[in-house]
Amino acid sequence: MTPTVSFRQLQVFAAVARLGTVSAAAAELSLSQSATSQALSDLERHLGIALFERLGRRLHLNDLGRRLLPRAEELLDGVAGFVAEATEPEGRLQGVLSVSASATVGTYLLPALAGRFSEAHPAADLRLRLRNTFEVITDVLRLEADLGLIEGECREPALASEAWCEDRMVVVAAPGHGLARRGRLDEAALAEADWILRETGSGTRSVFEQAMRARGAPPKVRMELGQHEAIKQAVRAGLGLGCLSRLSVAGELERGELIALDTPLRLRRTFSLVWHPQRYRSPLWQAFKVFLVEARHSAQPAGEP
């Protein structure tokens, strides 16, 4: 006999998978915590399988749960689409889309683009999460994000990816820093300098270290900081050199608070879109991806080809 699975149980399953706790899922679905917990227990009992690993207070999808989540989302989206076609204007996009973005993309490009998309599709709920590149890839692998935007290329074989737009990084210093008066820095000066860098796992850090290794000049890291603004403040204070996207230092360069140094480093990179090929890609997902691809020229840094 085929197990009976209700729409509510699928809603609870998808919400707990996305949010990680029964209490958070209950709040999102406007249910009591006991009713949410019961619906999840009933689903697992009816199916005769466990869908989550319970680690402390958080629930993490097991392998079977990760395989079933895209199907559950497809069924839920199908019901939502059925209701929308009956009650909403034709072609109206709605639903929730979770997007994880690495720091440069998520801070300097994505907010304006997401705002434009939301204005065109007010019933769409975009939920943006700011992470580093490693964490974005992890979110997408764990099905905790529908779409990821990262700095550099995606080398995770389990994910699908697509180049989005180009970025140029720049080495910066305070105007009064000793190396600021040298003009072009050679490999010896790069190796001798103190560096203020992003944390390991950051796409910015990875591109910079690859460029330094290619020139035989491993960096001497004085400080690791997790935010662009903190790095800029440390560099402005004369504590060392920094390497950041030109997007993130455009204002400081224009005001003369930082100066860009000429180096032999190759500091161009690609921003990429990443997604899980087995995850259900709703009409909202598809529309947002098309929007991002079409908007890639407006996202291209000024002065870039």
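Along each chain, residue indices are assigned from 1 in the same order as the chain's sequence is written. A pLDDT threshold of at least 70 governs which residues receive local features in this predicted model, and a stricter bar of 80 or more applies before side-chain atom pairs are shown or counted, although totals over entire chains, interfaces and linings include all residues. Derived side-chain values reflect all non-hydrogen atoms in the structure, with water molecules and hydrogen atoms excluded from consideration.

Turning our eyes to something else, we now look at the overall build of the chain. Scanning the chain from N- to C-terminus turns up 13 helices and 11 strands. The principal-axis extents of the C-alpha atoms in the chain amount to approximately 80 × 45 × 30 Å. For each residue, the accessible area found with a 1.4 Å probe, counting protein chains only, is set against the maximum for its type, and the residue is called buried under 20%, exposed over 50%, and partly exposed in between. The proportion of buried residues among the 305 residues of the chain is 46%. Counting every atom, the chain has about 15,000 Å² of accessible surface; 50% of that belongs to carbon and sulfur. Numbering of helices and strands starts at the N terminus; helices are DSSP runs of H or I of at least 4 residues and strands are runs of E of at least 2. For the area figures, the Shrake-Rupley method with a 1.4 Å probe applies, and any residue is considered shielded solely by the protein chains shown.

With that settled, consider the nonpolar core. In this structure, Leu97, Leu110, Phe117, Leu149, Trp164, Phe288 and Leu292 are the most contacted members of the largest nonpolar core, which totals 25 residues. Those elements giving two or more residues to this core turn out to be strand S3 (95-102), helix H6 (110-120), strand S4 (124-131), strand S5 (147-151), strand S6 (160-173), strand S11 (268-275) and helix H12 (283-294). Looking at this core element by element, the count peaks at 5 residues for H12. The residues contacting leucine 149, other than those within four sequence positions of it, are Val99, Ser100, Ala101, Ser102, Val105, Leu110, Val136, Trp164, Ser272, Leu273 and Leu292. Throughout, nonpolar core names a set of buried Ala, Val, Leu, Ile, Met, Phe, Trp, Tyr and Cys residues whose side chains join them through atoms within 4.5 Å. Contacts are assigned to residue pairs that have any heavy atoms within 4.5 Å of one another.

Our next topic: the environment of leucine 190. Relative to the assigned elements, leucine 190 resides in helix H8 (residues 187-192). Leucine 190 sits 106 residues away from arginine 296 along the chain, and the two C-alpha atoms are 33 Å apart. Contact partners of leucine 190, with chain neighbours within four places excluded, come to Leu185, Trp195, Met212, Ala217, Thr263, Pro264 and Leu265.

Right, let's get into the environment of glutamate 162. The residue glutamate 162 is located in strand S6 in this model. Sequence separation between glutamate 162 and cysteine 243 is 81 residues, and the spatial gap between their C-alpha atoms is 25 Å. Setting aside residues no more than four positions away along its own chain, glutamate 162 makes contact with Phe271, Ser272, Leu273, Trp275, Lys289, Val293 and Arg296.

Another aspect to go through is the side chain of serine 202. Considering the arrangement of structural elements, one finds serine 202 in the loop between strand S7 (194-197) and helix H9 (203-214). Serine 202 gets classed as buried once you look at its relative accessible area, which sits at 2%. N or O atoms within 3.5 Å of each other form a polar contact, as long as, within protein, one can give a hydrogen and the other can take it, and as long as residues adjacent in sequence are counted only when both atoms are side-chain atoms. Separated by 3.3 Å, the side chain of serine 202 and the backbone nitrogen of arginine 205 make a polar contact.

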